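Commentary on secondary and tertiary structure
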Amino acid sequence: MAAGEREIVISRVIDAPRELVFEAFTEVRHLSRWWGPEGFSTTTRSFEFREGEVWDFVMHGPDGTGYSEWITWTEIVPPERIALLHGEFHDDPNAFESVLTFTPDGAATRIEMRTVFPTKQLRDEAVEKYHAVEGGRQTLGNLSAYVIGVLLKEGQS
């Protein structure tokens, strides 16, 4: 089966240098302030940003529901690329792979999030049941707002 049938690709241009956009992924103090779709919050149980290490966290939905999440960092190439495996728990057979690329776009940064699911059925379920495309767009929107509204301002102070 072609990867295209199993993937979701979302991108956004963020009006900030790519080193700053990349940094927003490297420290839990940043991630916990923007990660997830609108209305969600994040509680981290453990975090180590190194290849082979994990981010174990709970996403809290607007209705109070907690969603256990587990990310293993599989490749980190600062400030260009992050690859990860994302599931609900360690060794989740339904975990999906995501590759984030950070490309300079003038003074801005184009971030692309390419996610490949193990099966087309899991991809379709993520899109239809969990609104993964809109959720991904909102997540990158939250990243943009955080980088521009917080990190850029901190750098100017």
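Right above here is the structure, for reference.
Remember, it's a predicted structure, so these values are computed and weren't measured experimentally.

1. Some words on the packing of aromatic side chains
For any pair of aromatic rings, the description consists of the separation of the ring centres together with the inter-plane angle of the planes. Scanning the entire structure with this criterion turns up 15 aromatic pairs. Ring centres 5.2 Å apart and planes at 75° place the aromatic pair Trp35 and Trp55 in the edge-to-face group. Placement of the pair is Trp35 in the loop between α2 (28-34) and β2 (41-47) and Trp55 in strand β3 (residues 54-60), with a sequence separation of 20 residues. Taken individually, Trp35 and Trp55 each receive the classification buried, so the pair is uniform in this respect. Plain terms: the ring middles of Phe47 and Phe49 are 6.5 Å apart, the flat faces sit at 10° to each other, and that makes the pair stacked. Given the relative accessible area of 15%, Phe49 is considered buried. Within the aromatic cluster, the residues linked to one another by ring pairs are Phe22, Phe25, Trp34, Trp35, Phe47, Phe49, Trp55, Phe57, Trp73 and Phe102.

2. Overview of the sheet that holds strand β7 (residues 108-116)
Here we have 7 strands laid out as an open sheet, ordered β1-β7-β6-β5-β4-β3-β2, and antiparallel in their pairing. Only two strands of the sheet have a single neighbouring strand rather than two, namely β1 (7-14) and β2. Across the sheet, the mean angle separating the axes of adjacent strands is 25° when strand polarity is ignored. Set on the sheet, helix α1 (residues 18-26) makes contact with β1, β2, β4 (66-77), β5 (81-87), β6 (96-105) and β7; between it and β6 the angle comes to about 155°.

3. As for the pattern of salt bridges
Counted according to the given criterion, the structure contains 9 salt bridges. With its nearest N and O atoms 2.5 Å apart, the salt bridge here joins Arg81 to Glu75. Judged by relative accessible area, Arg81 falls into the partly exposed class, the value being 30%. On the basis of relative accessible area, Glu75 is assigned to the partly exposed category, the value being 27%.

What counts, and where the lines are drawn
Residues numbered from 1 in each chain as written. Predicted model: local features only at pLDDT ≥ 70, side-chain atom pairs only at ≥ 80, totals over all residues. Heavy atoms only, no water. Phe/Tyr/Trp six-rings, centres within 6.5 Å; stacked < 30°, edge-to-face > 60°. Helix = DSSP H or I, 4+ residues; strand = E, 2+ residues; numbered from the N terminus. Buried < 20%, exposed > 50% of the residue type's maximum accessible area, 1.4 Å probe, protein only. Pairing = 2+ DSSP bridges. Axes fitted to C-alpha atoms, helices over the stretch in contact; angles between N-to-C directions. Contact = heavy atoms within 4.5 Å. Salt bridge = Lys/Arg side-chain N within 4 Å of Asp/Glu carboxyl O.

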